[in-house]
Amino acid sequence: QVQLAESGGGLVQAGGSLRLSCAASGRTFSSYAVGWFRQAPGKEREFVAAISWSGFNTYYADSVKGRFTISRDNAKNTVYLQMNSLKPEDTAVYYCAARRSYSGDSAYTQNFDSWGPGTQITVSS
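Computed from a predicted model, the values in this text were never measured in an experiment. (Residues numbered from 1 in each chain as written. Predicted model: local features only at pLDDT ≥ 70, side-chain atom pairs only at ≥ 80, totals over all residues. Heavy atoms only, no water.)

**Quick look at the layout of surface pockets**
Basically, it comes down to this: The definitions used throughout rest on a 1 Å grid laid over the protein atoms alone, on which a cavity is an enclosed set of points accommodating a 1.4 Å probe that cannot get out and a pocket is an open set flanked by protein within 12 Å on both sides along at least five of seven lines; lining residues are those having an atom within 4 Å of a point. Grid points are joined across faces, edges and corners, and a volume is the space filled by probe spheres set on the points. Here the term charged refers only to Asp, Glu, Lys and Arg, the term nonpolar to Ala, Val, Leu, Ile, Met, Phe, Trp, Tyr, Cys and Pro, and the term polar to all other amino acids, Gly among them.
In this structure, the largest pocket spans a volume of roughly 180 Å³. Lining the largest pocket are 13 residues, and of these Arg-38, Ala-40, Lys-43, Glu-46 and Glu-89 lie nearest its centre. When the residues that make up the lining of the largest pocket are grouped by side-chain class, the tally is three nonpolar, three polar and seven charged.

This is how it looks when you write it as structure tokens:
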């Protein structure tokens, strides 16, 4: 497993942008697929975006497609989530998660085994 820590959260007006970072410890982070999830008050945690270990493959929830972009820099052990055109309904605690990729180069949406503590995003209308 790797240790993860999110940063970049905060308060933004609707239509604005934020970039979240997920920093990982460990020399083997480049072999991990990473996902971003979010949980709004009173709601279940939901998938947002995912990226394969190489960064070549990505996958997005329909609710953020075209507005959010996931990317990674394996030399810096960091995955990013660029969030544009933010809406009040994007308000949530955002978590990054990682899982080891033993074969292939897939972007996964479930079965992650390492999670960060989360960072709050609040979008005001």
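Okay, back to it.
**Description of the pairing of strand β8 (residues 78-83)**
Each regular strand carries side chains that alternate between the two faces of the sheet. We count it as follows: Three exposure classes are used, based on accessible area relative to the maximum for each residue type with a 1.4 Å probe and protein chains only: buried under 20%, partly exposed in between, and exposed over 50%. The helix and strand labels rest on DSSP assignments: H or I over at least four residues marks a helix, E over at least two residues marks a strand, and numbering proceeds from the N terminus. Pairing between strands requires that DSSP locate at least two bridges from one strand to the other.
Counting buried positions along β8 gives five out of six residues, so the element sits mostly inside the fold. Summarising the sheet, strand β3 (residues 18-24) and β8 pair through six bridges and their orientation is antiparallel. Looking at β8, one finds that Ser-21 is bridged to Tyr-80. Alignment of strand β7 (residues 68-73) against β8, held across six bridges, turns out to be antiparallel. Looking at the pairing, Ser-71 lines up with Tyr-80 of β8. Counting the residues in the hairpin turn of β7 and β8 gives four residues, including Asn-77, whose phi is positive at 50°.

**Comments concerning the side chain of Ser-101**
Selection criterion: Contacts are residue-level and defined by heavy atoms, with any inter-residue pair within 4.5 Å sufficient.
Mapping Ser-101 onto the fold places it in the loop between β9 (92-100) and β10 (114-115). Discounting chain neighbours no more than four positions away, the residues touching Ser-101 are Ser-31, Tyr-32, Ala-33, Trp-53 and Tyr-108.

**Some thoughts on the sheet that holds strand β1 (residues 4-7)**
Defined as follows: Note on geometry: axes are C-alpha line fits, over the in-contact stretch for helices, and angles between N-to-C directions span 0 to 180 degrees.
Taking strand neighbours across the sheet as the criterion, the four strands line up as β1-β3-β8-β7 in an open arrangement whose pairing is antiparallel. The open sheet is flanked by β1 and β7, the only strands paired with a single partner. Between one strand and the next, the sheet's axes are offset by a mean angle of 15°, whatever the strand orientation.

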